[in-house]
Amino acid sequence: MVVDSNLSMLAQTRPERDEFRTAMARIATAVHVITTAGPGGRAGFTASAVCSVTDTPPTLLVCLNRSASVYDAFEENKMLCVNSLSRSQEPLANLFGGGTPMPERFAAASWSRLATGAPVLEGGVAAFDCRVTSTFDIGTHTVLFCQVEGILRDDQAEALIYFERRYCAVGN
Ligand SMILES: Cc1cc2nc3c(=O)[nH]c(=O)nc-3n(C[C@H](O)[C@H](O)[C@H](O)COP(=O)(O)O)c2cc1C
């Protein structure tokens, strides 16, 4: 049923997977590289499914596909860093976006550490060093609830944005 032809909005009660993905591609998101290190090994992946949950205590959520090669490392380490990418870091988004061996992903950038030991990316917009406090499985993904233990920011950096399956940038 067409609700408003001017806006090309199509209301459907039960959208299919592809329709959902196509609509979500219209939602601009920040691009992050989520990293971990510890007994489960060093690992990292690109994520757009990241959001603030509450500021009391400061908490983020990250959605991770359980079929990803990095899943076991995140499950075991229970520490991670949400590294929000700046505009010049598009190559990192591609490297950490799947299919590249882990050493090659990490070799492409410089890293430091905060409290948890998860790799903190240099040159990003912000980094949130986190402890995973709980998880929730839904469908193909696990939602990781992450209490923020430390933050780094660069207020001058322009942000990398993902929109319509392409990268662009926004800034001051
Ligand atoms: C822009 C972009 C956003 C992504 N967002 C997510 C995400 O939010 N959650 C997720 O599990 N995977 C996401 N992925 C895919 C993962 O980065 C990819 O599955 C991960 O690197 C594991 O790949 P591997 O199994 O080849 O190691 C995204 C990829 C790209 C390029």
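For the structure, see preceding data.
Summary of the structure given here. (Residues numbered from 1 in each chain as written. Predicted model: local features only at pLDDT ≥ 70, side-chain atom pairs only at ≥ 80, totals over all residues. Heavy atoms only, no water.)

### Observations regarding the pairing of strand S14 (residues 166-170)
(1) Moving on: In this structure, strand S13 (residues 159-163) lies alongside S14, joined through five bridges in antiparallel fashion. Residue Tyr162 lies in a different strand from S14, and its bridge partner there is Tyr167.
(2) Moving on: If you look at the hairpin formed by S13 and S14, you'll find two residues sitting between the two strands, and Glu164 has a positive phi there, around 55 degrees. (Pairing = 2+ DSSP bridges. Helix = DSSP H or I, 4+ residues; strand = E, 2+ residues; numbered from the N terminus.)

### Things to note about a nonpolar patch on the surface
(1) Moving on: Together, Phe20, Met24 and Ile27 make up a nonpolar patch on the protein surface, roughly 310 Å² of accessible area in all.
(2) Moving on: Its location among the elements puts Phe20 in helix H1 (residues 17-24). (Patch = residues over 30% accessible without salt bridge, like charges linked within 9 Å, V, L, I, M, F, W, Y side chains within 5 Å. Areas by Shrake-Rupley, 256 points an atom, 1.4 Å probe, with all protein chains shown as cover. Salt bridge = Lys/Arg side-chain N within 4 Å of Asp/Glu carboxyl O.)

### Structural notes on the nonpolar core
(1) Moving on: Core analysis: the biggest nonpolar cluster contains 29 residues, and Ile34, Phe45, Val62, Phe74 and Leu80 have the highest contact counts within it.
(2) Moving on: Not counting residues up to four positions away in its chain, the partners in contact with Phe74 are Ile34, Thr35, Thr36, Ala43, Gly44, Phe45, Leu64 and Leu80. (Core = buried A, V, L, I, M, F, W, Y, C linked by side-chain atoms within 4.5 Å. Buried < 20%, exposed > 50% of the residue type's maximum accessible area, 1.4 Å probe, protein only. Contact = heavy atoms within 4.5 Å.)

### Topic: the packing of aromatic side chains
What characterises a pair of aromatic rings is the spacing of the ring centres plus the angle enclosed by the ring planes.
(1) Moving on: Taken as a whole and judged by the stated rule, the model has five aromatic pairs.
(2) Moving on: Ring geometry for Phe96 versus Phe106: centroids 5.3 Å apart, planes at 85 degrees, classification edge-to-face. Here Phe96, found in the loop between helix H3 (90-95) and helix H4 (102-107), pairs with Phe106, found in helix H4; they are ten residues apart in sequence, far enough to count as distant.
(3) Moving on: For Phe96, a relative accessible area of 1% corresponds to the buried category.
(4) Moving on: A residue is classified by how much of its surface remains accessible, and Phe106, at 3% relative accessible area, is buried.
(5) Moving on: Seen from their ring centres, Phe106 and Trp111 are 5.0 Å apart, and the 55 degrees between their planes marks the pair as tilted. (Phe/Tyr/Trp six-rings, centres within 6.5 Å; stacked < 30°, edge-to-face > 60°.)

### Points about the site of the ligand
(1) Moving on: Close to the ligand lie 18 residues; Thr46, Ser69, Phe96, Gly99 and Arg105 are nearest.
(2) Moving on: At 2.8 Å from a nitrogen atom of the ligand is found a main-chain nitrogen or oxygen belonging to Cys63.
(3) Moving on: Protein contacts shield 78% of the accessible area of the ligand, which totals 640 Å² for the unbound molecule.
(4) Moving on: Mapped onto the shell around the ligand, the elements with two or more residues apiece are strand S5 (43-47) and strand S7 (58-65).
(5) Moving on: Within the shell around the ligand, the residues separate by chemical class into nine nonpolar, eight polar and one charged. (Near = heavy atom within 4 Å. Polar contact = N/O pair within 3.5 Å; in protein donor to acceptor, adjacent residues only side chain to side chain. Nonpolar A, V, L, I, M, F, W, Y, C, P; charged D, E, K, R; others polar.)

### Topic: unusual backbone geometry
(1) Moving on: Note the cis peptide between Thr56 and Pro57, where omega equals 0 degrees.
(2) Moving on: Tracing the chain through its elements places Pro57 in the loop between strand S6 (50-55) and S7.
(3) Moving on: Its identity is not glycine, yet Lys78 carries a phi of approximately 60 degrees, on the positive side.
(4) Moving on: When you line up the elements, Lys78 lands in the loop between helix H2 (71-77) and strand S8 (79-84).
(5) Moving on: Owing to a relative accessible area of 46%, Lys78 belongs among the partly exposed residues under this scheme.
(6) Moving on: The phi torsion at Glu164 lies on the positive side, around 55 degrees, for a residue other than glycine.
(7) Moving on: The topology assignment puts Glu164 in the loop between S13 and S14.
(8) Moving on: What makes Glu164 partly exposed here is its relative accessible area of 27%.

### Quick notes on the pairing of S7
(1) Moving on: Both S6 and S7 contribute to a ladder of five bridges, which runs antiparallel. Note that in S7 the partner of Cys51 across the bridge is Leu61.
(2) Moving on: Where S7 meets strand S12 (residues 141-153), seven bridges bridge the pair, whose relative direction is antiparallel. Looking at the pairing, Leu61 lines up with Phe145 of S12.

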